[in-house]
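# Topology and contacts: notes
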Amino acid sequence: YIPLWHNDTFSSEISYDPRDAAKFICAVFQNLKIHLVSYNIKISMHALSLMGGNITTSFDDVMLEYHMLDSSAPTDIKSMSVKLGLNDLPSEDSLLGTGKNKLSFSDIHVDSAANFAIETAFIFGQMHKVIYTSLSKEKLMLEDYKDYELPLIHVLWQMEHTGVYIDRNELA
């Protein structure tokens, strides 16, 4: 966990230049020797874009894998965790609070945010192992995931990033 945008309250505890950290993060996402496992990787794509980077390494997306197995099931992290029997997911509400008093990650102590991120990443890894094993048993489903669904993430990100033009006259 690298707290790039934490509030000034913790700035004395951060001993690096966030620009250098951003360069490091971009390099990780472009390292072809690394295979990433993420949840909704489009969020990372948008964040990297703000830092001048992109994702060129291979990746799997736990949310998309899960959707491939059961397209009618909710794909939020908590629902997925419970359905897969991985109930050790840390509670965001207990960390940040709820309602009008809910804090953002940038408002909590860096150590607490880092511990939460590490625990959540561990659960994502466990989710990926369980879901990918199930996908691997369905050869055609796994091929669709790899050949169509994963490449479409880049297309959808690009559409979200730049927008799309709709010719209303053509559609009328």
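Above this note sits the structure.
Right, let's walk through the structure included here. All figures in this text were calculated on a predicted structure; none of them were measured in a lab.

Cut-offs and rules
Residues numbered from 1 in each chain as written. Predicted model: local features only at pLDDT ≥ 70, side-chain atom pairs only at ≥ 80, totals over all residues. Heavy atoms only, no water. Helix = DSSP H or I, 4+ residues; strand = E, 2+ residues; numbered from the N terminus. Buried < 20%, exposed > 50% of the residue type's maximum accessible area, 1.4 Å probe, protein only. Contact = heavy atoms within 4.5 Å. Areas by Shrake-Rupley, 256 points an atom, 1.4 Å probe, with all protein chains shown as cover. Lys, Arg positive; Asp, Glu negative; His and termini not counted. Charge placed at Lys NZ, Arg CZ, Asp CG, Glu CD. Pairing = 2+ DSSP bridges. Right-handed = clockwise from strand over helix to strand, strands pointing away. Polar contact = N/O pair within 3.5 Å; in protein donor to acceptor, adjacent residues only side chain to side chain. Patch = residues over 30% accessible without salt bridge, like charges linked within 9 Å, V, L, I, M, F, W, Y side chains within 5 Å. Salt bridge = Lys/Arg side-chain N within 4 Å of Asp/Glu carboxyl O. Axes fitted to C-alpha atoms, helices over the stretch in contact; angles between N-to-C directions. Parallel < 35°, antiparallel > 145°, perpendicular 65-115°, else oblique. Left-handed = near helix turned anticlockwise from the far one by under 90°. Nonpolar A, V, L, I, M, F, W, Y, C, P; charged D, E, K, R; others polar.

### With respect to the overall build of the chain
- A count of helices and strands for the chain gives 8 helices and 2 strands.
- In sequence order, the secondary structure elements of the chain are arranged as α-β-α-β-α-α-α-α-α-α.
- For the chain, the spread of C-alpha atoms along the three principal axes comes to 50 × 45 × 40 Å.
- Among the 172 residues that make up the chain, the fraction classed as buried is 31%.
- Taking contacts inside the chain between residues at least 6 apart in sequence as the whole, the part at least 24 apart equals 60%.
- A total accessible area of about 11,100 Å² is found for the chain, and carbon and sulfur atoms account for 55% of it.
- Once the 13 positive and 23 negative side-chain charges of the chain are each reduced to a mean point, those two points are 2 Å apart.

### Considerations on the pairing of strand β1 (residues 35–38)
- Every second residue of β1 is oriented toward a common face, the buried set being Leu36 and Ser38 and the non-buried set His35 and Val37.
- Where β1 and strand β2 (residues 58–61) come together, 4 bridges link them in parallel fashion. Across the sheet, the residue bridging to valine 37 is aspartate 60, located in β2.
- The handedness of the β1 to β2 crossover, carried by helix α2 (residues 41–50), is right-handed.

### What to know about helix α3 (residues 62–69)
- For α3, the full list of buried residues reads Val62, Leu64, Glu65, Tyr66 and Met68.
- Tucked inside the fold, the buried residues of α3 contact β1, β2, α4 (77–83), α6 (110–136) and α7 (139–162).
- The N-cap of α3, judged by a side-chain oxygen 2.9 Å from the amide nitrogen of methionine 63 a few residues on, is aspartate 61.

### A few points about a nonpolar patch on the surface
- On the surface, Leu152, Val155, Leu156, Met159, Val164, Ile166 and Leu171 cluster together into a nonpolar patch covering about 650 Å² of accessible area.
- Here the nonpolar patch takes 4 residues from α7, the largest share from any one element.

### Structural notes on the packing of α2 against α7
- Where α2 meets α7, the axes come as close as 10 Å, and the angle between the chain directions of the two elements is 50 degrees. Comparing the axis directions of α2 and α7 gives the class oblique. Classified by chirality, the crossing of α7 by α2 is right-handed. In this structure, α2 contributes Ile41, Lys42, Met45, His46 and Ser49 to the contact, and α7 contributes Ile153, His154, Leu156, Trp157, Glu160 and His161.
- Residue composition of the contact of α2 with α7, grouped by class: 5 nonpolar, 4 polar and 2 charged.

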